Structures are given as structure tokens and as C-alpha cells.
Amino acid sequence: MVNYLITRFVKDYQETDKPKVRTAYGNLAGIIGVIANFILFVAKLLGGILVGSISIMADGFNNLSDMASSIIGLVGIKMAERPADEEHPFGHGRMEYIAALIVSFLIMQVGLSLFKEAFKKVKTPEKLSFSLLVVIILLLSIGIKLWLAMFNKKIGSKIRSKVIEAAGKDALGDVIVTSGTLASLLFYRFTQINVDGIVGIIVSVVVFYN
């Protein structure tokens, strides 16, 4: 699937030293990231509302931040393609590193927000409900994020992009986040014990660390 997308949408895909080819790789990774994360955001937000889980909704907003990160990555790679000028005699390549730095701060902000919401949930836990549809959504999310991690890792290594490599690592972090969210929902289903807030705190620390 990854190779098909590369050969289908990246012209001269083997010539990765060319700026235009490199930009095409970055555009592909960014567009795929935007589409996938927007779908996951909508699905998890609706699923979280359905079962009354703050951790699922927060997980969805984590995907929304990932979508923003993909957009920033697109902008960073596009700006890095610009040729050298009088003010930037060595080119604009460092813009990609600045974009990667912005992505890291976005991830940290999400982790902090998740921690605050999860702490509130521990203090005042709310009743949850169980939905097989939500379980399926979370399982599909894990599968999609694993694929995105592999996809971004391959493209990032091909064009030596820190932004795309960071997106791949973030996708793996999202797998941990969603797995924890799914585990808390299943635990509640079989024990009627609400650990949504506790799992949310653990998840927020993982997100912040990543």
C-alpha cells in the first residue's frame, strides 16, 4: 500500500535528492495524515459522546492536534523547498526543523490538557456506558495509527525528514493512548469499575513524554 501510494502520487520518486521530489513526498505524507486524523477525530468525538467517556473524546482531540501537525509539516516542507536568497544564503531548510519544534509543543500541550481533564475525572467520576461500535472504532483507530507510523517512518527515512519521522513516532504514541482508552472501557464493561480518569492520567503522561 505504501509503495503504491508513492509510485502513484510522487513523480520521479526514486530521485529523492531533488527538492521537488522531496516536497512531493512531504505533501503525500501530510495529506494522508490530515485525512486519516480528521476521520479519527470525528469518529472518537462521537464515540466518546455516545458512551460518556472523557478519555475517548480527549483521544479524539489528540487526533485533531495530529491533523494540525500534519498541516504544519506540509507548510514546513514547502518553505524548506524555497531557494537561497540574500537573507537566507544557505536556503530555507531549517524551516523544517522549526516546524518539527512546533509539532513537539503541540503534542506537549495536548498531554497537559489531557492530564487536567483526567484529574477532574478522577475527582468526580461520571457514569459510563458500553458500546460495541465504539470498541470497533478504537480497534480500527489502532490499526490505522500503526499503518501511519510505518508509512511516515518509510517516507521520513527516504527523504531524511525530521518532521515526518516525528509524525511516525507520534503515531506510535497514539497507539498506546488509544489502547489504554480501549482497555479502560473494556475493564468497565466487565467489572463496572470506572478507571477512565486514572487511565487518562497515564495516557496524558505518555503523550507528554512522546
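Above this note sits the structure.
What comes next is a walk through the structure. (Residues numbered from 1 in each chain as written. Predicted model: local features only at pLDDT ≥ 70, side-chain atom pairs only at ≥ 80, totals over all residues. Heavy atoms only, no water.)

1. Thoughts on a nonpolar patch on the surface
Thought 1: Together, I31, I35, F38, I39, V42, L46 and I49 line one region of the surface with nonpolar side chains, adding up to about 670 Å² of accessible area.
Thought 2: Given a relative accessible area of 52%, I39 falls into the exposed group. (Patch = residues over 30% accessible without salt bridge, like charges linked within 9 Å, V, L, I, M, F, W, Y side chains within 5 Å. Areas by Shrake-Rupley, 256 points an atom, 1.4 Å probe, with all protein chains shown as cover. Salt bridge = Lys/Arg side-chain N within 4 Å of Asp/Glu carboxyl O. Buried < 20%, exposed > 50% of the residue type's maximum accessible area, 1.4 Å probe, protein only.)

2. Observations regarding the environment of I176
Thought 1: On the secondary structure map, I176 appears in helix α6 (residues 162-191).
Thought 2: Put simply, I176 and V206 are 30 residues apart on the chain and 7.9 Å apart in space, counted from C-alpha to C-alpha. (Helix = DSSP H or I, 4+ residues; strand = E, 2+ residues; numbered from the N terminus.)

3. Some details on unusual backbone geometry
Across residues other than glycine, the phi torsion is negative in most instances, and most of the peptide bonds are trans.
Thought 1: A positive phi angle is found at D12, which is not glycine, with a value near 55°.
Thought 2: Mapped onto the secondary structure, D12 falls in the loop between α1 (2-9) and α2 (19-51).
Thought 3: The class of D12 is partly exposed, set by a relative accessible area of 39%.
Thought 4: For Q192, which is not glycine, the phi dihedral falls at a positive 60°.
Thought 5: Positionally, Q192 belongs in the loop between α6 and α7 (196-209).
Thought 6: When its relative accessible area of 54% is taken as the criterion, Q192 is described as exposed.

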